[in-house]
Amino acid sequence: MGIVEGDVAEGVEVRAVPAGEWEREPHPSDSLRTFGAVVQALREHAGLSRVELATRVRYSKHTVESVELGRRMPDTPFVDRAEEALGNTGALRKAARYLTRGEAGLAAWFRRWARLEREAVSLCTYECRLVPGLLQSEAYARAVFEGTIPLRTDPELEAQLAARMERQAMMRERPAVPFSFIVEEHVFRRRFGDAEAMRELFDHVLERSAPRNVTLQVVPLEAGLHACLDGPLQLLETPAGQRLGYSEGQKNGRLISDPKEVSVLCQRYDTLRSQALNPKESRDLLERLRGEL
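Since the model is a prediction, treat every value here as computed from it, not as a measurement.

## Points about the sheet that holds strand β6 (residues 233-237)
- Within the open sheet, the six strands sit side by side as β5-β4-β3-β6-β7-β8. Their pairing is mixed. Lying at the two open borders of the sheet, with one neighbouring strand each, are β5 (214-219) and β8 (252-256). Here the average twist between neighbouring strands, direction ignored, is 10°.
- Strand direction decides the pairing type here: strand β3 (residues 122-127) and strand β4 (residues 179-184), joined by five bridges, are parallel. Looking at β4, one finds that Cys-124 is bridged to Ser-180.

Structure below.
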């Protein structure tokens, strides 16, 4: 399995590229690096440490560091608060207009799908391994990345975490796009960290799945075998009406554009929808699991 190279278009043959042929991590964009350098220069000129600036802008020290190193796209509140904390020169607000999103922290085989899902008019996700990335709390995502092999350096881990959190922003920014999630119950029963971290995860998932355009269904343990046991999958529809699929395994991912293959995946997903708990029952289950901690 690999990811496809070139534009994805119906009727156009694509070439699979083994994951090893792609660089593992992309570089931050020049605009992010430049903006980060300006933040760092202004901070140092003001005689502030990263911890002190983090307190003033009400973000974590890790976020400040990620912005300064060009690994994270600063949101509007960060820019406004940093501007006020660093002298109100207007430099940060003006520079922020020219920022372009980089792809730091995204696995090589996932980048094309990440770009496609930002423009999708609908997105469906089935997961049987872990909480979907779009629903993960920051602590959960950090634990996932800390457990990967080979081990990541601290800067690499922070880049991955920043990319994961930034990717979640599209759910808030696109309230008219339907997001559907089907997740196995055992995924939510798998412990990480302490009880407080688990409660934070449940709160985060419940919050992210609360908007009307987001549907979360849990496949209960007693549901038995079903049509999606081949593994996790994602489906999306492009603005042009084309349906695409994506599947991922050990150190690789595959973007699926063949209409017949995608049709089978859609049938499997739709069938599993009928076997999973409905959204209300799913939320009740998660709240019950939270209460058991």
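The discussion continues.
## Regarding the packing of aromatic side chains
- Scanning the entire structure with this criterion turns up four aromatic pairs.
- Summarising the aromatic geometry, the rings of Tyr-59 and Phe-78 are spaced 5.4 Å apart at their centres and angled 75° between planes, so their arrangement reads as edge-to-face. Taken together, the positions of Tyr-59 in the loop between α2 (50-57) and α3 (61-68) and Phe-78 in helix α4 (residues 76-85) put the pair 19 residues apart, joining distant regions of the chain.
- With relative accessibility at 22%, the residue Tyr-59 sits in the partly exposed group.

## Quick look at the confidence of the model for the protein chain
- Confidence in the prediction for the protein chain averages 85 pLDDT; 86% of positions are at 70 or higher.
- The secondary-structure element of the protein chain with the lowest mean pLDDT is strand β1 (residues 2-5), recorded at 30, while β4 shows the highest, at 98.

## Side note on a negative patch on the surface
- Where like charges cluster on the molecular surface, the negative patch consists of Glu-138, Asp-194, Glu-196 and Glu-200.
- The exposure class assigned to Glu-196 is exposed, which follows from its relative accessible area of 57%.

## Quick word on the state of the cysteines
- Under the defined criterion, the tally for this structure stands at zero disulfides.
- In this structure Cys-124 is a free cysteine whose sulfur lies 7.5 Å from that of Cys-266, the closest cysteine sulfur available.
- Note on Cys-124: relative accessible area 14%, which makes it buried.
- With no disulfide of its own, Cys-228 has Cys-128 as its nearest cysteine by sulfur position, at a separation of 8.9 Å.

## Concerning the packing of α2 against α4
- Relative to each other, α2 and α4 sit at 115°, their axes nearing to 9 Å. Once α2 is placed against α4, the crossing between them reads as right-handed. Along the contact surface, α2 presents Leu-53, Arg-56 and Val-57, while α4 presents Phe-78, Arg-81, Ala-82 and Ala-85.
- Across the contact of α2 with α4, the residue classes break down as five nonpolar, no polar and two charged.

## A closer look at the side chain of Glu-185
- Its location among the elements puts Glu-185 in helix α9 (residues 185-189).
- Exposure remark for Glu-185: the relative accessible area of 5% places this residue in the buried category.
- Within the structure, the side chain of Glu-185 is placed 2.7 Å from the side chain of Arg-189, a separation counted as a polar contact.
- What Glu-185 contacts, discounting residues up to four positions off in sequence, is Val-218, Val-219, Pro-220, Leu-221, Glu-222 and Leu-285.

## Describing the pairing of β6
- Across the five residues that make up β6, a large majority, four, are buried.
- As judged from the five bridges shared by β3 and β6, these two strands associate in the antiparallel manner. Directly across from Cys-124, in β6, lies its bridge partner Leu-235.
- Relative to strand β7 (residues 243-249), β6 runs antiparallel, the two sharing four bridges. Among the inter-strand pairings, Glu-237 is bridged to a residue of β7, identified as Arg-243.
- Adjacent in sequence and paired antiparallel, β6 and β7 are bridged by five residues, among which Gly-241 carries a positive phi angle near 90°.

## A short note on unusual backbone geometry
- For the bond from Ile-149 to Pro-150, the omega torsion is 5°, close enough to zero to count as cis.
- Topologically, Pro-150 is positioned in the loop between α7 (138-146) and α8 (154-173).
- Its identity as a non-glycine residue notwithstanding, Arg-58 has a phi of 65°, on the positive side.
- Looking at where Arg-58 falls in the secondary structure, it is placed in the loop between α2 and α3.
- Residue Arg-58 is classed as exposed on the basis of its relative accessible area, which comes to 59%.
- Positive phi, close to 50°, is recorded for Asn-88, a residue that is not glycine.
- A relative accessible area of 48% means that Asn-88 is categorised as partly exposed.

## Describing the environment of Leu-48
- Among the secondary structure elements, Leu-48 is positioned in the loop between α1 (30-45) and α2.
- You can call Leu-48 buried: its relative accessible area is 11%.
- C-alpha separation for the pair Leu-48 and Ala-85, spaced 37 residues apart in sequence, amounts to 9.6 Å.
- Beyond its immediate stretch of four places on either side in the chain, Leu-48 contacts Arg-43, Arg-56, Ala-85 and Leu-86.

Criteria and thresholds
- Residues numbered from 1 in each chain as written.
- Predicted model: local features only at pLDDT ≥ 70, side-chain atom pairs only at ≥ 80, totals over all residues.
- Heavy atoms only, no water.
- Pairing = 2+ DSSP bridges.
- Helix = DSSP H or I, 4+ residues; strand = E, 2+ residues; numbered from the N terminus.
- Axes fitted to C-alpha atoms, helices over the stretch in contact; angles between N-to-C directions.
- Phe/Tyr/Trp six-rings, centres within 6.5 Å; stacked < 30°, edge-to-face > 60°.
- Buried < 20%, exposed > 50% of the residue type's maximum accessible area, 1.4 Å probe, protein only.
- pLDDT = per-residue confidence, 0-100.
- Patch = residues over 30% accessible without salt bridge, like charges linked within 9 Å, V, L, I, M, F, W, Y side chains within 5 Å.
- Areas by Shrake-Rupley, 256 points an atom, 1.4 Å probe, with all protein chains shown as cover.
- Salt bridge = Lys/Arg side-chain N within 4 Å of Asp/Glu carboxyl O.
- Lys, Arg positive; Asp, Glu negative; His and termini not counted.
- Charge placed at Lys NZ, Arg CZ, Asp CG, Glu CD.
- Disulfide = S-S within 2.5 Å.
- Left-handed = near helix turned anticlockwise from the far one by under 90°.
- Contact = heavy atoms within 4.5 Å.
- Nonpolar A, V, L, I, M, F, W, Y, C, P; charged D, E, K, R; others polar.
- Polar contact = N/O pair within 3.5 Å; in protein donor to acceptor, adjacent residues only side chain to side chain.

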